Amino acid sequence: MYTKVYNKKYIRKNLNMPFRGKNTYENCYKWHRQNNGTCFYCYEDKPVAYAFVGKKGICQECLDHFKIGHVGTDRHVITYLTNQCHSHEETLKWLKKHDLKLTPNGQKNGTHYYFGINNMGIFNNYCAIIYGLTDIDTVNNATKEKIMDSYNEIEIFKNGGIRIIY
């Protein structure tokens, strides 16, 4: 049996399908408006374990195998799964355990600021622009988009709360 998925490709429906992480930014609100299943990750119509856009979200199978791919895309699930963390250190440890590469970007009033890196190669190549040492207008629009997609700003609060800017 085959099912149509978001990017108009057909995949084999399989209950033991491996988790399909998101490695590029995908707008979950745009996905929600289309009829592409109830799970944002496998695109199948399954009961959701955590709904983050209307009655759609992530199914239990995908939640059980969740891996961070793109911080901006995965922000709802990351926030949900880190709700059990009660300190900055716990949240930071959870993010690192789930293979998110982080670089510190300061601290103010107990809030720690980080860059969550989606694409290390692009991030490293354009650090001067990302850190404001070089004007972003020195690159074309397509490169600007790649640079902005290579990381997401993350705030981790003293109480473990997290805010992901996308």
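Below is a short write-up of the structure. Predicted model, so just to flag it, every value in this text is computed and none were measured.

A closer look at the pattern of salt bridges
Within the structure shown, the criterion is met by four salt bridges. The salt bridge involving Lys22 is made with Glu26; its shortest N-O contact spans 2.9 Å. Taken as a pair, Lys22 and Glu26 share a single burial class, namely buried. Between Asp137 and Lys144 there is a salt bridge; the shortest N-O distance is 3.1 Å.

Notes on the packing of aromatic side chains
For the coordinates displayed, the defined rule picks out 12 aromatic pairs. Both rings, one in Tyr25 and one in Tyr166, keep their centres 6.3 Å apart while their planes meet at 15°; by these two values the pair is stacked. Of this pair, Tyr25 sits in the loop between β2 (10-12) and α1 (28-33) while Tyr166 sits in the segment after β8 (162-165), and the two are 141 residues apart along the sequence. You can call Tyr25 partly exposed: its relative accessible area is 34%.

Overview of the nonpolar core
Counting residues in hydrophobic clusters, the biggest one holds 31 residues, and the most contacted among them are Tyr41, Ile58, Phe66, Ile78, Leu95 and Ile154. Broken down by secondary-structure element, the contributors of at least two residues to this core are α1, β3 (48-53), β4 (56-59), α2 (60-64), α3 (75-81), α4 (88-97), β7 (151-156) and β8. Membership of the second largest hydrophobic core comes to eight residues, among which are Ile130, Val139, Ile147 and Tyr151.

Describing unusual backbone geometry
Phi angles above zero are rare outside glycine, and Tyr43 is one such case at about 60°. Not every positive phi belongs to a glycine, and Asp99 is a case in point at roughly 65°. You can see Asp99 is positioned in the loop between α4 and β5 (101-108). Since its relative accessible area comes to 58%, Asp99 is described here as exposed.

Rules behind the numbers
- Residues numbered from 1 in each chain as written.
- Predicted model: local features only at pLDDT ≥ 70, side-chain atom pairs only at ≥ 80, totals over all residues.
- Heavy atoms only, no water.
- Salt bridge = Lys/Arg side-chain N within 4 Å of Asp/Glu carboxyl O.
- Buried < 20%, exposed > 50% of the residue type's maximum accessible area, 1.4 Å probe, protein only.
- Phe/Tyr/Trp six-rings, centres within 6.5 Å; stacked < 30°, edge-to-face > 60°.
- Helix = DSSP H or I, 4+ residues; strand = E, 2+ residues; numbered from the N terminus.
- Core = buried A, V, L, I, M, F, W, Y, C linked by side-chain atoms within 4.5 Å.

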